[in-house]
Amino acid sequence: MTTHLKGQKMFIAGEWISSEKTIEVRNPQDNTIIDLVPAATVEDMLNCLEEAKKGAGIAAAMPVHQRMKVIHGAADYIEEHHKKFARIIAMESSKTIREATKEVGRAIQTLRISAEEARRITGETIPFDQSPGSESRIGYFYRFPIGVIAAITPFNDPLNLVAHKIGPAIASGNAIVVKPATVTPLSALLLAEAFSFAGLPAKVLSVITGHGSEIGDALVTHPAVRMITFTGGLEAGEKIVSKAGLKKISMELGSNSPVIVLEDADIEDAVESCVSGAFWAAGQNCLGVQRIYVEKSIFKSFQSQFVERTEKYIIGDKQSELTDMGPMISEKEAIRVENLVDEAVEKGAVILTGGERNGAYYLPTVLTDVPKDCKVAQEEIFGPVVLLYPIADLDEAIVLSNSVNYGLQAGIFTKNIDMAHKAIAKLDVGGVLVNDSSDYRIDAMPFGGVKNSGLGREGIKFSIQEMTETKVVCFKLPGQ
Ligand code: NAP
């Protein structure tokens, strides 16, 4: 296997290109430099987009069987180099090797589903004769590719979230330019290598590395870009929307996810699921469990089991198979979380376990008695911190769950089907998981939020709908 990771190259329109300025990619565990990647300039971005314009024509002309072959080929390549992909994720990001290995498996699935969905991009016939005067017309609609797609991705799933952009874009015959998070560009470059190896025609895909603050505007404002698919934080998302102009926009943003545990739930199962959901990837997970509302009668028992399970977590070296949780993505991010917890404690919150920082590591932290006006209660923490609240009943839990400005996913643990249905109907979110925490997703399901959690849906079939337009065709038949 050839690798392009060393040597400061980015993947522009099928070529591996270096640039004068570089960016150091660091391992958040010990801040050591693990690689250098190019810091693309605005000029690089504009050149890349000119190539992508040509790529759009090439991508649209690829027959479906060829798209499928290339995407399956990229998935095969990842399968073959599974360990290398996992090691890179566990070096550049916060993830432990176990978490990284799982992400690689999911990225393979994301691509395989994309290849399969390519053959299901269909249209419908339209009964034009429903409209008086149109009896002599017949027709149909089909879906066609949108053209050039700009994809901007975050650090927390540096491979699979990029696969969620590239897979459906190619499946639906589009060209795509990906700008991965500056702190985790290596996994995205490896994915470009997989597509190049699989025979994707040049110009259809670019992975351009550089700071969003420097090259982001050139990408999102470019008239050739017909769609922006962004996954990241609210602040960057809002900036992009305000600048993008008349383009399709898909926004996968953050959340402050609630889980409700009713008294008839299997407590052990709920604890296990919520602990994992709160501390997966050191809590840097858009679906992460942030607020848990537990019925009063079982609150004490739930709380003690939750703290006991949390304290068993093994924190340490990301490359060790034994480690449950690694560091946050940077010391700066860990300090941000520490400040949020300190603010809550000053206002009366109680730390049941955790609350300590060492460099980029922040211990898994369980809080209770958190006043509702604290930032940890209202905003997205995006760190290993979870809040426990006793509630009187489901109605109260629903009101509290909906009281924040986010709505990605929510979980409810209960054996009562009526309670489950009530929660499904009343929770203001994009997905409700019954007897799972908010942190459950498969790559084929529709995924996205309401309120500040985003616009549009991902999940391959749903991304393909966003990445295509419909064209109506109508034949007026002679002499009828
Ligand atoms: P972020 O700071 O918003 O960055 C995300 C991406 O946007 C990065 O590639 C970043 O580039 C780029 N960017 C920043 N400012 C930009 C601008 N003005 N123009 C164009 N691009 C710009 O987010 P993050 O810290 O990497 O990720 C964490 C966030 O992502 C959390 O809020 C999390 O909830 C959210 N997320 C959502 C989902 C979902 O599916 N709903 C999934 C995962 C994560 P640089 O790296 O160069 O700054």
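A quick note: this is a predicted structure, and the numbers were derived from the prediction, not measured. (Residues numbered from 1 in each chain as written. Predicted model: local features only at pLDDT ≥ 70, side-chain atom pairs only at ≥ 80, totals over all residues. Heavy atoms only, no water.)

Visitor: Before we go on, may I ask you to explain the site of the ligand in this structure?
Guide: Lining the immediate environment of the ligand, one finds 28 residues, of which Thr 182, Gly 212, Gly 233, Leu 253 and Glu 380 sit closest. Within the contact set of the ligand, an oxygen atom lies 2.8 Å away from a backbone nitrogen or oxygen of Thr 153. Between Phe 155 and the ligand, the recorded distance is 3.3 Å, taken from a backbone N or O atom to an oxygen atom. At the level of elements, α7 (212-220), β10 (225-231) and α8 (234-244) are the ones that each hand at least two residues to the shell around the ligand. Of the residues contributing to the shell around the ligand, the split by class is 14 nonpolar, 11 polar and three charged. Residue contributions to the shell around the ligand reach at least three from each of two domains, namely domain 1 (10-253 + 454-471) and domain 2 (257-442). (Near = heavy atom within 4 Å. Polar contact = N/O pair within 3.5 Å; in protein donor to acceptor, adjacent residues only side chain to side chain. Helix = DSSP H or I, 4+ residues; strand = E, 2+ residues; numbered from the N terminus. Nonpolar A, V, L, I, M, F, W, Y, C, P; charged D, E, K, R; others polar. Domains from an automatic or database assignment.)

Visitor: Whenever I open this one, the domain arrangement of the chain confuses me. Can you help?
Guide: How big an interface is tends to be stated in terms of the accessible area lost upon association of its parts. The assigned domain composition of the chain is domain 1 (10-253 + 454-471) and domain 2 (257-442). Its C-alpha centre places domain 1 at a distance of 31 Å from the equivalent point of domain 2. Across the boundary between the two partners, domain 1 contributes 27 residues, which contact 28 residues of domain 2. Between domain 1 and domain 2, the buried area comes to about 2,200 Å², and carbon and sulfur atoms account for 50% of it. Linking domain 1 with domain 2 are one salt bridge, by the criterion used here. When the shortest N-O distance is used, the salt bridge between Arg 98 and Asp 324 registers 2.8 Å. On the surface where domain 1 and domain 2 come into contact, there are 17 residue pairs in polar contact (both at pLDDT 80 or more). For the side of domain 1 that touches domain 2, the secondary structure elements donating two or more residues are α3 (82-92), α4 (97-118) and α5 (160-171). At five residues, α4 tops the list of elements feeding residues into the side of domain 1 that touches domain 2. (Contact = heavy atoms within 4.5 Å. Buried area = accessible area lost by both parts, 1.4 Å probe. Salt bridge = Lys/Arg side-chain N within 4 Å of Asp/Glu carboxyl O.)

Visitor: Help me out: how do you make sense of unusual backbone geometry in this one?
Guide: Backbone geometry follows two general trends: most residues other than glycine have a negative phi, and most peptide bonds adopt the trans configuration. Despite not being glycine, Asn 31 shows a phi value in the positive range, around 65°. Position of Asn 31 among the secondary structure elements: in the loop between β3 (22-26) and β4 (33-38).

Visitor: In this structure, what is going on with the sheet that holds strand β5 (residues 124-126)? I would like to understand it.
Guide: Within a beta sheet, neighbouring strands are joined by backbone hydrogen bonds and run either parallel or antiparallel to one another. Ordered by their spatial adjacency, three strands build an open sheet running β5-β6-β24, and the pairing between neighbours is antiparallel. The open sheet has two free edges, formed respectively by β5 and β24 (468-476), since each of these has just one partner strand. Direction aside, the axes of adjacent strands within the sheet are offset by 30° on average. (Pairing = 2+ DSSP bridges. Axes fitted to C-alpha atoms, helices over the stretch in contact; angles between N-to-C directions.)

Visitor: Would you mind going over α8 with me for this structure?
Guide: Every α-helix carries 3.6 residues per turn, so stepping three or four residues along brings you back to the same face. For α8, the complete set of buried residues consists of Gly 237, Ile 240 and Ala 244. Buried residues of α8 fall within an arc of 65° about the axis and therefore sit on the same side. In this structure, α8 carries Glu 235, Glu 238 and Ser 242 as exposed residues pointing more than 90 degrees from its buried face. As for α8, its buried residues are in contact with β7 (148-152), α7, β10 and β11 (248-252). Positive backbone phi, approximately 75°, marks Gly 245, located one or two places after α8. (Buried < 20%, exposed > 50% of the residue type's maximum accessible area, 1.4 Å probe, protein only. Arc of directions from axis to C-beta.)

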